[in-house]
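Structural description and commentary
Spelled out from the first residue to the last, the chains are:
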Amino acid sequence: MPLESNIPPGPVAEKWTRYRSECKLVNPANKRKFKVLVVGTGLAGGAAAATLAELGYQVEAFCYQDSPRRAHSIAAQGGINAAKNYQNDGDSVYRLFYDTIKGGDFRARESNVHRLAETSVQIIDQCVAQGVPFAREYGGLLANRSFGGAQVSRTFYCRGQTGQQLMLGAYQALCRQVGYGKVKVRSRCEMVDLIVVDGRARGIVVRDLVNGKIESHTGDAVLLCTGGYSNAFFLSTNAAGCNVTATYRAHKRGAYFANPCYTQIHPTCIPVSGDHQSKLTLMSESLRNDGRIWVPKKAGETRRSADIPESERDYYLERKYPSYGNLAPRDIASRAAKEVCDEGRGVGSGGRGVYLDFAEAIKRDSRSRIQDKYGNLFDMYENITGENGYEQPMRIYPAPHYTMGGLWVDYNLMSNVPGLFVLGEANFSDHGANRLGASALMQGLADGYFIIPYTLANYFASTKQDRISTDHAECKRLEQETDAQVKKLLSIKGKKTAVEYHREVGRLLWDNCGMARSKESLETAISKIHGLRSEFWENVNVPGTALDLNVGLERAWRVADFMEFGELMARDALARDESCGGHFRVEHQYPDGEAKRDDERFMHVAAWEYQGTKDPVRHIEPLEYEKVKPSVRSYK
Amino acid sequence: MNLTLNVWRQKDRNAAGRMETYKASHISPDMSFLEMLDVVNEDLIKTGKEPIAFDHDCREGICGMCSLMINGMAHGPERATATCQLHMRKFRDGDEITIEPFRARAFPVLRDLVTDRGALDRIVQAGGFVGVNTGGAPDGNEIPIPRERQETAMDAAACIGCGACVAACKNASAMLYVSAKVGHLVNLPQGQPERQQRVRAMVAQHDHEGFGHCTNQYECQAACPKEISVGFIAQLNREYLHSSFGFAEREDSSTGVG
C-alpha cells in the first residue's frame with residue numbers, strides 16, 4: 001500500500017486555512033448519527049472527546065485509569081508553547097514553525113508543523129476561557145518563560161504543574177459533556193484489539209479491568225490517543241501504567257508504525273538509585289534557565305561539590321554551545337551528559353550523574369526568588385534523594401521521556417487503516433526526530449481541540465458505511481482470540497514474573513538502543529529480545545484468574561507487547577543508518593561528536609508494516625522541504 | 001530494613017475482607033512505599049500467590065491515583081505527600097505497618113486496597129467546569145487577572161482528586177475536594193457566569209453520593225498531599241449561602257412573585 005500523506009496543495013502557510021474552507025462538513029442534525037470511540041483520555045483524547053461531543057457526535061471514551069483525569073499528560077511540568085509574541089521579542093508563527101522543524105532535525109512534515117504553529121495561538125485562548133490559571137504578571141497579563149532550545153519567551157505555564165492544569169481543563173470540558181449525557185466514559189477499561197471490517201476501523205475489543213470481561217464496542221471511527229512507549233525501557237519518566245498495547249495491537253491489525261526509533265531521552269531527571277526503582281522522576285527542564293550544569297574537570301574526582309574550586313569545574317554545555325549554553329535542546333544536552341560520564345567525570349553513586357547548580361542564581365536573585373519559581377521541584381528532589389538542592393547542587397541524569405515515533409498518520413491524522421485516527425504522542429507526530437520542550441502539550445491539544453473536528457467530519461462526509469453491531473462475526477472472533485490469549489498467559493505458570501521480563505527487555509533496549517546506538521548493539525538487541533520473547537511465553541508466571549481484577553495479568557500482556565515492540569524499535573534504529581535528533585548512531589558523527597544526518601538517503605519517514613512471524617516491511621514517505629532549507633543543526 | 005505488614009485483602013466488591021500479615025525483607029530506605037509493595041508482590045507471585053492490588057500510576061505525586069491508609073493515616077505519616085512519594089527512610093527497621101484502603105461509604109472497595117472513587121468524577125460532571133465550547137474564545141490577554149487572584153485560583157486548582165480528604169474525615173465528607181474546584185473557578189473572571197449554579201449543583205451531587213457533612217475538624221487539610229487550605233471550605237460556604245439568595249431573587253422575578 002503506498003503511503004499517501006494527503007497534504008493539501010498550496011503554499012505551506014496557507015494549507016490549513018484552505019483545508020478548513022474546502023473540507024467536507026457533516027450537517028449538525030446528522031452528527032448525532034455518528035459514533036466515535038476515543039481511547040485514552042489525556043490531553044489529546046480528553047480534548048477530542050469533549051470537543052466532538054460539543055459538536056454533536058456520540059462519543060464513548062476509554063481509559064485504563066480509575067478516572068479520565070489521571071492520564072500522564074497530567075505530569076508535564078514546564079509549559080506549553082504558543083506563538084503569541086506577547087513579549088514583543090520577535091516571535092511569530094513562522095519562528096515557532098521553523099524552530100520545531102529545526103528542533104526535529106528536519107525529519108518532520110512541514111505542512112503538519114506549520115498547522116501546529118498556527119493552532120498554538122488558539123489553544124492558549126481556549127484554555128484561558130476554560131479557567132486554566134496560567135501564570136500572570138502583576139499587571140494581570142499572561143507571563144511567559146523561555147524554554148529549552150528557544151530564543152524567545154513563548155512558553156505559558158502554571159507553576160510547575162502546567163500539564164495538570166491543561167489536563168483538568170480538558171477533563172472538566174469532558175465531564176461537562178458526560179453530565180449532559182453526550183459522552184460515556186469507561187474507566188478501568190483497556191483496549192486489547194482493533195476491529196477492522198472491510199478494511200475500515202470499526203471498533204475495539206476491551207477488557208474491563210475490574211471484572212475481567214472481554215467486550216466489543218463498535219462505531220464509525222476509532223481515535224487512538226494512548227500516548228507514547230517510553231516504558232519499553234522499563235525505567236522512564238512515564239506513569240507505571242503507560243503502555244504500547246493499544247497502538248501495537250492496532251499495528252498488528254494493519255496500521256503502520258512510523259519511526260519507532262525516535263525516542264527522547266530527557267536530560268534533567270533524578271539519577272537511578274538502585275535496582276528496586278520502578279520509575280524515574282523528571283524535573284522540569286525550566287530548571288536549566290537558572291541552573292548551571294557542570295562536572296569536575298578531572299576524572300575520578302572524589303571531593304564534595306563545594307570543595308571543587310571554580311577553575312576545576314567544567315560547565316560543558318556553556319563551553320560547547322556558547323549561544324544556547326545550558327538551554328541546548330534535549331537530545332544534545334542528554335548526549336553531552338552521557339559523554340562526560342563515559343569519560344569517568346560523572347558524579348554521585350555509580351558515576352551516572354552531572355551537577356545542576358543553583359548557587360549562582362541564588363546569589364544573583366536571592367533564595368526566595370528561586371523558591372518562588374521552582375519551589376515544588378526542589379521539594380520533590382529533596383523528597384526523593386534526601387538532599388537539599390538549595391544547599392548543594394542537584395544531581396541529574398538523562399532518562400527516557402517522550403517518543404516521537406508512533407502510528408503513521410496522514411495530514412488528516414488518519415492512519416493507513418481508514419477510520420483509525422491517531423492523536424497526540426501516539427502518532428508519529430510533528431516533532432521529527434526530536435521534540436522541543438513545551439511542544440508536547442501543544443500538539444496534544446492542537447490535535448484534540450482544533451484538528452480532529454475538521455478532519456473527522458471530512459472523513460464521515462466522504463465515507464459511506466453501514467452500522468455494525470457487536471454481534472458481528474469479526475467482533476466475536478477477536479473476543480475469542482483475546483480470551484485465548486488471557487487463558488494462555490494464566491496457564492504458563494512458569495518461574496519468572498512479568499516484571500522481571502520487563503526489566504530485562506528494558507535493560508537490553510537502554511544499553512543497545514538508548515542514547516548511542518551502533519549496528520552491532522542493535523543486532524545484539526534484536527536477537528536477544530527475540531530469544532526473550534519466546535522464553536516469556538514458556539516461563540512467565542501470572543497468578544490469579546481471568547474474570548477478576550488481576551494486576552499481574554494486566555502487567556503481563558503489556559510486557560508481552562513491549563517485547564515485540566522493542567524488537568521493532570531496534571530494527572528501525574538499525575535500518576536508519578544515519579544520526580538525527582534523538583537517534584544517534586555512533587557510526588555517523590562529526591569529529592566534534594555532533595549527529596551527522598544523511599539527507600540523501602534518509603530524508604524520509606519509515607513506516608513499518610506488520611507481517612506476523614515474518615520480518616516487518618519498511619515503507620517510506622519522502623519528506624519534502626519547500627519553506628525551510630535543511631541545514632546542519634547547530635546550536636553553537 | 002525488615003518490616004511486618006498488615007494488609008487488607010478483599011476478593012471483590014461483595015466479598016468480606018480480612019487483614020493478612022506479610023513480611024517485607026531487604027527493603028532499602030531509598031525505596032518509595034509503593035516500590036516496597038512491588039517487592040512484596042514479586043515475592044507473592046513467585047510463590048504462586050496473587051499480588052496485593054493497589055491503585056497507582058504516575059508515581060510522582062500528581063495523578064492522584066494512589067491512595068492507602070497507612071497506619072491509619074491517609075497517604076501515610078508524611079505531611080504534604082502522596083503515598084507514591086512517601087519513602088521508606090521515614091520508617092524504621094522492624095516497624096509494623098498497617099495498610100488499608102481509603103474508607104468511605106462513597107468509595108466501595110473493588111479489591112484489596114483498590115476503591116471506586118467515581119463519585120468524585122460525578123461531582124465535577126454536575127458542574128465543576130466553565131461552560132464554554134471549543135472555539136470562539138477571546139484573546140487570552142483580553143481580561144487581565146490580578147496576579148493574587150490567579151495565584152489563589154491556582155492554590156485551589158492544585159487538588160489532585162485523590163480522595164484523601166474523604167478518607168481522613170470522620171464524616172467522610174468531600175467538602176475540601178468540592179471547595180477546591182469551586183475555589184479555583186470562583187476566583188477567576190471566567191468562572192463568574194455560572195458561579196451560583198455551579199456551587200449548588202456540586203454540593204447537591206456531593207450529598208447525593210453519600211459523603212458526609214463538614215464539621216470543621218480540618219483532618220482533610222492535614223491529610224491533603226497538596227495542602228489545599230480549609231479556607232476554601234469557608235469560601236464554599238459563603239458561595240453556597242450567597243447562591244441561595246441569588247437563586248431566590250431570580251426565581252422571584254421570573255415568577256412575578258414578590
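Remember, predicted model here, so these are calculated numbers, not experimental data. (Residues numbered from 1 in each chain as written. Chains lettered and ligands numbered in written order. Predicted model: local features only at pLDDT ≥ 70, side-chain atom pairs only at ≥ 80, totals over all residues. Heavy atoms only, no water.)

1. Details of the overall build of chain A
- Of regular secondary structure, chain A possesses 17 helices and 19 strands.
- For chain A, whose C-alpha radius of gyration is 24 Å, the value lies close to the compact-globule estimate of 26 Å for 636 residues.
- Taking the principal axes of the C-alpha coordinates as reference, chain A spans close to 75 × 60 × 50 Å.
- Long-range contacts, defined as pairs at least 24 residues apart, comprise 74% of the intrachain contacts of chain A with a sequence gap of at least 6.
- As presented, chain A carries roughly 21,200 Å² of accessible surface, and 48% of it is formed by carbon and sulfur atoms.
- Separation of charge centres in chain A, based on 83 positive and 77 negative side chains, amounts to 3 Å. (Helix = DSSP H or I, 4+ residues; strand = E, 2+ residues; numbered from the N terminus. Rg over C-alpha atoms; globule rule 2.2 N^0.38 Å. Contact = heavy atoms within 4.5 Å. Areas by Shrake-Rupley, 256 points an atom, 1.4 Å probe, with all protein chains shown as cover. Lys, Arg positive; Asp, Glu negative; His and termini not counted. Charge placed at Lys NZ, Arg CZ, Asp CG, Glu CD.)

2. Description of the overall build of chain B
- Regarding its fold elements, chain B presents 8 helices and 7 strands.
- Projected onto its principal axes, the C-alpha positions of chain B cover 75 × 40 × 35 Å.
- Out of the 258 residues in chain B, the part that is buried amounts to 55%.
- Long-range pairs, those at least 24 residues apart, make up 69% of the contacts in chain B with a sequence separation of at least 6.
- Split by element, the accessible area of chain B, about 10,500 Å² in all, is 49% carbon and sulfur. (Buried < 20%, exposed > 50% of the residue type's maximum accessible area, 1.4 Å probe, protein only.)

3. With respect to the pattern of salt bridges
Residue and element names in this part refer to chain A.
- Tallied over the full model, the rule gives 80 salt bridges over all chains.
- Its salt-bridge partner being Asp342, residue Lys338 comes within 2.9 Å of it at the nearest N-O pair. Of this pair, Lys338 and Asp342 are both found in helix 9 (residues 330–342), 4 residues apart, which corresponds to roughly one turn of the helix.
- On the basis of relative accessible area, Lys338 is assigned to the partly exposed category, the value being 21%. (Salt bridge = Lys/Arg side-chain N within 4 Å of Asp/Glu carboxyl O.)

4. Comments concerning the environment of A:Gly353
Residues and elements named next belong to chain A.
- Mapped onto the fold, Gly353 is located in the loop between helix 9 and strand 14 (354–357).
- Separated by 44 residues in sequence, Gly353 and Tyr397 place their C-alpha atoms 4.9 Å apart.
- Residues within four places of Gly353 in sequence aside, it is in contact with Val295, Cys341, Gly346, Val347, Ile396 and Tyr397.

5. Here's the deal with the packing of aromatic side chains
- Following the criterion strictly, the structure yields 29 aromatic pairs over all chains and no others.
- Connected via pairs of aromatic rings, a cluster forms that spans A:Phe34, A:Tyr57, A:Phe421, A:Tyr459 and A:Phe460.
- Cation over ring: B:Arg147 sits above A:Tyr138, and NZ or CZ is 4.4 Å from the ring centre. (Phe/Tyr/Trp six-rings, centres within 6.5 Å; stacked < 30°, edge-to-face > 60°. Lys NZ or Arg CZ within 6 Å of the ring centre and 35° of its normal.)

6. Remarks on unusual backbone geometry
- The phi dihedral of A:Asn85 is positive, around 50°, even though this residue is not glycine.
- Relative to the helices and strands, A:Asn85 is located in the loop between strand 3 (80–81) and helix 4 (93–103).

7. Some words on the confidence of the model for chain B
All names here are of chain B.
- Residues at a pLDDT of 70 or more form 95% of chain B, whose mean pLDDT is 94.
- Taken together, the stretch residues 251–258 has pLDDT below 50 and engages in 1 contact with residues farther than four places along the chain or on a different chain.
- Confidence metrics for the complex model read pTM 0.96 and ipTM 0.96. (pLDDT = per-residue confidence, 0-100.)

8. What to know about the sheet that holds strand 10 (residues 257–258) of chain A
All names here are of chain A.
- Strand order in the open sheet made by the 4 strands is 16-10-18-19, with antiparallel pairing throughout. Each having just a single partner strand, strand 16 (406–407) and strand 19 (617–622) make up the two edges of the open sheet.
- Seen against the sheet, helix 16 (residues 551–575) touches strand 10, strand 18 (604–609) and strand 19 and runs at an angle of roughly 145° to strand 18. (Pairing = 2+ DSSP bridges. Axes fitted to C-alpha atoms, helices over the stretch in contact; angles between N-to-C directions.)

9. What to know about the layout of surface pockets
- Empty space within the second largest pocket amounts to approximately 880 Å³.
- Along the wall of the second largest pocket there are 46 residues; nearest its centre are A:Val551, A:Arg555, B:Asp38, B:His56 and B:Arg59.
- The set of elements that each furnish at least two residues to the lining of the second largest pocket consists of helix 14 (498–512) and helix 16 of chain A together with helix 1 (33–46) of chain B. (1 Å grid on protein atoms, 1.4 Å probe; cavity = no way out; pocket = protein on both sides within 12 Å on 5 of 7 lines; lining within 4 Å. Points joined across faces, edges and corners; volume = space filled by probe spheres on them.)

10. Some words on helix 14 of chain A
- Look at helix 14 of chain A: 21 Å from first C-alpha to last across 15 residues, which is about the 21 Å you get at 1.5 Å a residue.
- Those residues of helix 14 of chain A lying buried are A:Ala498, A:Val499, A:Tyr501, A:His502, A:Val505, A:Gly506, A:Leu508, A:Leu509 and A:Asn512.
- For helix 14 of chain A, the elements touching its buried residues are helix 15 (519–539) and helix 16 of chain A together with helix 1 of chain B. (Expected span 1.5 Å × (residues − 1).)

11. With respect to empty space enclosed by the protein
All names here are of chain B.
- In the structure shown here, the tally under the stated rule is 13 cavities of 30 Å³ or more.
- By volume, the second largest cavity amounts to about 140 Å³.
- In terms of lining, the second largest cavity is formed by 17 residues, of which the most central are Cys169, Cys214, Gln217, Tyr218 and Cys220.
- Counting only elements with at least two residues in the lining of the second largest cavity, the list comes to helix 5 (175–186) and helix 7 (219–223).
- Of the residues that constitute the lining of the second largest cavity, the class distribution is 10 nonpolar, 5 polar and 2 charged. (Nonpolar A, V, L, I, M, F, W, Y, C, P; charged D, E, K, R; others polar.)

12. Concerning the interface of chain B and chain A
- Contact residues are listed per partner, giving 73 residues for chain B and 79 residues for chain A.
- Where chain B abuts chain A, roughly 6,200 Å² becomes buried across the two surfaces, and 51% of that area is made up of carbon and sulfur atoms.
- Applying the counting criterion to the chain B and chain A interface returns 9 salt bridges.
- A:Arg188 is paired through a salt bridge with B:Asp55; the nearest N and O atoms lie 2.8 Å apart.
- At the boundary of chain B and chain A, one finds 50 residue pairs in polar contact (both at pLDDT 80 or more).
- At the level of secondary structure, the elements contributing two or more residues to the side of chain B that touches chain A comprise helix 1, strand 6 (109–111), strand 7 (114–115), helix 2 (118–127), helix 3 (147–157) and helix 5 of chain B.
- Broken down by element, the side of chain B that touches chain A gets its largest block of residues, 8 residues, from helix 3 of chain B.
- Taken together, the residues of the side of chain B that touches chain A sort by class into 31 nonpolar, 20 polar and 22 charged. (Buried area = accessible area lost by both parts, 1.4 Å probe. Polar contact = N/O pair within 3.5 Å; in protein donor to acceptor, adjacent residues only side chain to side chain.)

13. Overview of the packing of helix 2 of chain B against helix 6 (residues 195–208) of chain B
All names here are of chain B.
- At a minimum axis separation of 8 Å, helix 2 and helix 6 run at an interaxial angle of 150°. As the angle between them shows, helix 2 and helix 6 are arranged roughly antiparallel. Crossing of helix 2 over helix 6 shows right-handed handedness. Contact residues: Arg122, Ile123, Ala126 and Gly127 in helix 2; Arg198, Ala201, Met202, Gln205 and His206 in helix 6.
- The residue inventory of the contact of helix 2 with helix 6, partitioned by class, reads 4 nonpolar, 3 polar and 2 charged. (Parallel < 35°, antiparallel > 145°, perpendicular 65-115°, else oblique. Left-handed = near helix turned anticlockwise from the far one by under 90°.)

14. Here we look at the sheet that holds strand 9 (residues 221–224) of chain A
Residues and elements named next belong to chain A.
- Spatial ordering of the open sheet is given by 5-2-1-9-17, a layout of 5 strands whose pairing is parallel. Whereas interior strands pair on both sides, the edge strands pair on one side only; in this sheet they are strand 5 (183–186) and strand 17 (420–422). Averaged over all neighbouring strand pairs, the angle between strand axes comes to 20°, with direction disregarded.
- Two strands pair when backbone bridges link them, and strand 9 and strand 17 are joined in this way by 3 bridges, in the parallel orientation. Residue Val222 lies in a different strand from strand 17, and its bridge partner there is Leu420.

15. Side note on the packing of helix 7 (residues 245–252) of chain A against helix 16 of chain A
Residue and element names in this part refer to chain A.
- Viewed as axis vectors pointing N to C, helix 7 and helix 16 meet at an angle of 60°, and their least axial separation amounts to 10 Å. As summarised for this structure, helix 7 and helix 16 are arranged oblique, according to the angle between their axes. Helix-helix and strand crossings are classified by hand; for helix 7 and helix 16 the assignment is left-handed. Packed against helix 7, whose contacting residues are Thr245, Tyr248, Arg249, His251 and Lys252, the element helix 16 presents Trp557, Arg558, Asp561, Glu564, Phe565 and Leu568 at the interface.

16. A short note on the nonpolar core
- In terms of nonpolar packing, the biggest core is built from 203 residues, with A:Ile80, A:Phe134, A:Leu223 and B:Tyr177 touching the most fellow members.
- Structurally, this core is a two-domain feature, drawing no fewer than three residues from each of domain 1 (3–111) and domain 2 (118–245) of chain B.
- Setting aside its immediate chain neighbours within four residues, B:Tyr177 contacts A:Arg69, A:Tyr171, B:Leu120, B:Asp121, B:Ile123, B:Val124, B:Cys159, B:Gly161 and B:Cys165.
- Of all hydrophobic cores here, the second largest spans 35 residues; its members include A:Tyr374, A:Met380, A:Met394 and A:Ile396. (Core = buried A, V, L, I, M, F, W, Y, C linked by side-chain atoms within 4.5 Å. Domains from an automatic or database assignment.)

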